[in-house]
Amino acid sequence: MDILTTVGTTITIAKRLREISKNIEDAEFKNLLADLSSELADIKLEAAALKERLATLQEENLLLKATAQPADESPIGRKDGCYQFTGDDGLYCPGCWDSKRKKSSTTKAIRGFRLCSVCQAPIGAG
Ligand SMILES: [Zn+2]
């Protein structure tokens, strides 16, 4: 059930209790009932805020899923000992991809070697 509906129902019950309590001359009972009503009003506000937050997060989640790398992505070839991927002319560290499925870019180093920007491995052209 929707939390706001549930809270709304409990607030109605609290109001009904307040009406009934008019016949009861117990100050402590009335004070507790007032506290309960005020707590319920706070909960209702909090629930509405959480609902809004949830909607925002769901939107973000959808966007992230839509823009995430496909899980079945795999290298299409090798150049200078580095992996290449579809639609991307970067050269990536094969060690990082093979061990962690991370696309780590590489930079040119000396004598035809490239260096991984993450694990610092030298990657040979061989
Ligand atoms: Zn690496």
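Residues numbered from 1 in each chain as written. Predicted model: local features only at pLDDT ≥ 70, side-chain atom pairs only at ≥ 80, totals over all residues.

## Re the overall build of the protein chain
Applied cut-off: In this text, helices come from DSSP runs of H or I with a minimum length of four residues, and strands from runs of E with a minimum of two, each type numbered from the N-terminal end. Radius of gyration: over C-alpha atoms. The globule rule applied is 2.2 Å multiplied by the number of residues raised to the 0.38 power. Backbone-placed C-beta atoms define the burial measure: a residue is buried with 20 or more other C-beta atoms within 10 Å of its own, exposed with 12 or fewer, and partly exposed in between. Residue pairs are scored as contacts if the distance between their C-beta atoms, which are placed from the backbone, is within 7 Å.
Within the protein chain, the regular secondary structure consists of 3 helices and 6 strands. Starting at the N terminus and walking to the C terminus, you meet the elements of the protein chain as α-α-β-β-β-α-β-β-β. In summary, the protein chain has a C-alpha radius of gyration of 31 Å against a globular reference of 14 Å for 126 residues, an excess of more than 25%. When its C-alpha atoms are laid out on the principal axes, the protein chain stretches across 95 × 25 × 20 Å. Across the 126 residues in the protein chain, those meeting the buried criterion constitute 9%. Considering only intrachain contacts with a sequence separation of at least 6, the fraction spanning at least 24 residues in the protein chain is 29%.

## Observations regarding the sheet that holds strand 5 (residues 114-116)
Selection rule: Strand pairing is assigned whenever DSSP detects at least two bridges linking the two strands.
The strand order across the open sheet formed by 3 strands is 4-5-6, and the pairing between neighbours is antiparallel. Bordering the open sheet on either side are strand 4 (106-108) and strand 6 (122-123), each of which pairs with just one other strand. Relative to strand 5, strand 4 is paired through 3 bridges, and the arrangement is antiparallel. In the strand pairing of strand 5, T107 is matched with L115.

## Looking at the domain arrangement of the protein chain
Rule in force here: Domain boundaries shown here were taken from an automatic or database domain assignment.
When its domains are assigned, the protein chain resolves into domain 1 (3-67) and domain 2 (77-123). Inter-centroid distance (C-alpha atoms) of domain 1 to domain 2 is 55 Å.

## Describing the sheet that holds strand 2 (residues 82-85)
For clarity, the cut-off: Simply put, an axis is a line fit to the C-alpha atoms, just over the touching stretch for a helix, and the angle between two N-to-C directions goes from 0 to 180 degrees.
Taken in spatial order, the 3 strands line up as 1-2-3 in an open sheet, and their pairing is antiparallel. The open sheet is flanked by strand 1 (77-79) and strand 3 (88-92), the only strands paired with a single partner. Between one strand axis and the next, the sheet turns through 35 degrees on average, direction left out of account. Relative to strand 2, strand 1 is paired through 3 bridges, and the arrangement is antiparallel. Bridging across to strand 2, R78 finds its partner in Y83.

## As for the nonpolar core
How we decide: Connectivity within a nonpolar core runs through C-beta atoms within 7 Å, and the core itself is a set of buried Ala, Val, Leu, Ile, Met, Phe, Trp, Tyr and Cys residues.
Of all hydrophobic cores here, the largest spans 8 residues; its members are C82, Y83, L91, Y92, C93, C96, C116 and I123. Mapped by element, the contributors of at least two residues to this core are strand 2 and strand 3.

## Concerning helix 2 (residues 27-67)
Heads up, the condition is: To estimate how far a helix should extend, the number of its residues minus one is multiplied by 1.5 Å.
Taking 1.5 Å as the rise per residue, helix 2 with 41 residues should run 60 Å; its terminal C-alpha atoms sit 60 Å apart, in good agreement. With 0 of 41 residues buried, helix 2 is to be regarded as a mostly surface element.

## A word on the pairing of strand 3
By the bridge criterion, 2 bridges tie strand 2 to strand 3 in an arrangement that is antiparallel. Bridging across to strand 3, F85 finds its partner in D88. Counted along the chain from strand 2 to the antiparallel partner strand 3, the turn is 2 residues long, and its residue G87 has a positive phi close to 65 degrees.

## Regarding the packing of helix 1 (residues 3-21) against helix 2
Cut-off, in case you're wondering: Each angle is binned into one of four classes, with values under 35 degrees roughly parallel, values over 145 roughly antiparallel, values of 65 to 115 roughly perpendicular, and all other values oblique. Note on convention: near helix rotated counterclockwise from far helix by under a right angle means a left-handed crossing. Clockwise means right-handed. Amino acids are sorted into nonpolar (Ala, Val, Leu, Ile, Met, Phe, Trp, Tyr, Cys and Pro), charged (Asp, Glu, Lys and Arg) and polar (every other residue, Gly among them).
Packing of helix 1 against helix 2 leaves a shortest axis separation of 10 Å and a crossing angle of 165 degrees. Between helix 1 and helix 2, the angle is such that the two are roughly antiparallel. Where helix 1 crosses over helix 2, the two elements pack in a sense that is left-handed. Residues I3, L4, V7, T10, I11, A14, L17, R18 and S21 of helix 1 touch helix 2, and the partners they reach there are F29, K30, L33, L36, S37, L40, I43, K44, A47, A48 and K51. For the contact of helix 1 with helix 2, the per-class residue count stands at 13 nonpolar, 3 polar and 4 charged.

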